[in-house]
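Listed below are the residues making up each chain.
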Amino acid sequence: MSTSVLVRLATPADGAAVAAVYRPYVEHTPVSFELRPPTADEMAGRITRLLAYSPWVVAEVDGMVSGYAYTSRFRERPAYDWTAESTVYVASAAQGLGLGRALMGAVIRILTLQGYRSVIAGITLPNDASVGLHDALGFTRVGAFDKVGWKDGAWHGVDFFALELAPRVNGEAPGALRPLPELLGTPDLARAILGTSG
C-alpha cells in the first residue's frame, strides 16, 4: 500500500491538526518544555505570527497533517536576525516515513532562500531520533545545558545543534532578509518547499 506525502506551507486553518500532533509531546514527554498543550486557536495564532517572516511547513500523509516544522527568532536583538531557531514534530503513527527529514529539508531550503546564515536547534535529551535527524542533515553539536528544565519530576538537559546555511565573513555585511510573504507564489519558494531544482 503506497503512502502519499505532501509538504506544504502551513496556514492558520492547520491549527487544530498541528495542536493534535504536538499534544502528546507536551502531555507525555519532556521533549517539549511546555506544560499545557496549546489549543487549536493558540496554535493557529502561532502559525500566523511566525509566517509573517519565516517558514512553517506541514507534512500531510494521505491527506492528514502528520508532522510540522517551523523556525522562530533565535534571539530578539537585531544582530541575531540572520540566525533562526528550528523546531520539528512528527506524529507517532507517522514516524519512520522520513517526514522529519522532508520537513526540515524544506525549512532549511526556505531559510537559505530568505538569506538566513545559520539555524540552531535545541534538543531535550535523551532523544536519539532527533539527534540522528539533525546529524543526518549536517548539523553540528555546539553546546549543552545540563539539567536546565524541570518537567515530569526530573531535570532535563538540552543540547544545541547548528547548521551553517551560507558563509559568514567578518567585515562583510549580510544582505537584507527576504520576508516569507514576499516569496509567496514564486517558483523559487515552490522549489524550496518541494526540494526540486527545475
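Here, every reference points to the structure presented above.
Attention here is on the structure that accompanies the text. This structure is a prediction, so every number in the text was calculated from the model and none was measured.

### Thoughts on the overall build of the protein chain
In step 1: Helix and strand counts for the protein chain stand at 6 helices and 7 strands.
In step 2: Each helix and strand of the protein chain, ordered N terminal to C terminal, gives the series β-α-α-β-β-β-α-β-α-β-β-α-α.
In step 3: Computed over C-alpha atoms, the radius of gyration of the protein chain comes to 17 Å, within 12% of the 16 Å expected from 2.2 N^0.38 for 198 residues, which places it in the range of a compact globule.
In step 4: Dimensions of the protein chain, computed from the C-alpha atoms along their principal axes, are close to 45 × 40 × 30 Å.
In step 5: Here the protein chain, with 198 residues, has 44% of them falling under the buried criterion.
In step 6: Counting only contacts in the protein chain whose residues sit at least 6 apart along the sequence, the fraction spanning at least 24 positions is 67%.
In step 7: Per element, the accessible surface of the protein chain, about 10,400 Å² overall, is 56% carbon and sulfur.
In step 8: Positive and negative side-chain charges in the protein chain, numbering 17 and 19 respectively, have mean positions lying 3 Å apart.

### Let's talk about the nonpolar core
In step 1: If you look at the biggest cluster of nonpolar residues, it comprises 51 residues, and the most contacted ones within it are W56, V57, Y68, L103 and F139.
In step 2: It is helix α3 (residues 99-114) that contributes the most residues to this core, 8 residues altogether.
In step 3: If sequence neighbours within four positions are ignored, L103 has contacts with V7, V57, V58, A59, G67, Y68, A69, V88, Y89 and V90.
In step 4: Judged by nonpolar contacts, the second largest core, of 5 residues, contains F74, I120, V158 and F160.

### Quick notes on helix α6 (residues 187-194)
In step 1: If you check which residues of α6 are buried, you get L189, A192 and I193. Seen from one end, α6 has its buried residues packed into an arc of 100 degrees, which puts them on one side. Every exposed residue of α6 that faces more than 90 degrees away from the buried side is listed here: P187 and L194.
In step 2: Those residues of α6 hidden inside the fold are in contact with β1 (5-9), α3 and α5 (180-183).
In step 3: Phi for G195, located one or two positions after α6, is positive at around 75 degrees.

### Some thoughts on α3
Three- or four-residue spacings in an α-helix give side chains the same orientation, since the helix completes a turn every 3.6 residues.
In step 1: For α3, which comprises 16 residues, the first-to-last C-alpha distance of 23 Å matches the rise-based estimate of 22 Å (1.5 Å per residue) to within 8%.
In step 2: Every buried residue belonging to α3 is among L99, G100, L103, M104, G105, A106, V107, I108, I110, L111 and Q114, and all of these are buried.
In step 3: Residue G115 follows α3 closely and has a positive phi angle near 105 degrees.

### Description of the pairing of strand β2 (residues 56-61)
In step 1: Most of β2 is tucked away, with 6 of its 6 residues classed as buried.
In step 2: In β2, alternate side chains face the same way, and those of W56, V58 and E60 on one face and V57, A59 and V61 on the other are all buried.
In step 3: One ladder, built from 5 bridges, connects β1 with β2; its direction is antiparallel. Among the inter-strand pairings, R8 is bridged to a residue of β2, identified as V58.
In step 4: Bridge count between β2 and strand β3 (residues 64-73): 6 bridges; the pairing is antiparallel. Bridged to V61 within β3 is M64.
In step 5: Counted between consecutive antiparallel strands, the loop separating β2 from β3 contains 2 residues, among which D62 sits at a positive phi close to 50 degrees.

### Notes on unusual backbone geometry
In step 1: With omega at 0 degrees, the peptide bond leading from L125 into P126 counts as cis.
In step 2: With respect to the element layout, P126 can be found in the loop between β5 (118-124) and α4 (128-136).
In step 3: Despite not being glycine, D62 shows a phi value in the positive range, around 50 degrees.
In step 4: For D62, the position within the fold is in the loop between β2 and β3.
In step 5: Classification of D62 by relative accessible area gives partly exposed; the value is 49%.

Thresholds, definitions, all that
Residues numbered from 1 in each chain as written. Predicted model: local features only at pLDDT ≥ 70, side-chain atom pairs only at ≥ 80, totals over all residues. Heavy atoms only, no water. Helix = DSSP H or I, 4+ residues; strand = E, 2+ residues; numbered from the N terminus. Rg over C-alpha atoms; globule rule 2.2 N^0.38 Å. Buried < 20%, exposed > 50% of the residue type's maximum accessible area, 1.4 Å probe, protein only. Contact = heavy atoms within 4.5 Å. Areas by Shrake-Rupley, 256 points an atom, 1.4 Å probe, with all protein chains shown as cover. Lys, Arg positive; Asp, Glu negative; His and termini not counted. Charge placed at Lys NZ, Arg CZ, Asp CG, Glu CD. Core = buried A, V, L, I, M, F, W, Y, C linked by side-chain atoms within 4.5 Å. Arc of directions from axis to C-beta. Expected span 1.5 Å × (residues − 1). Pairing = 2+ DSSP bridges.

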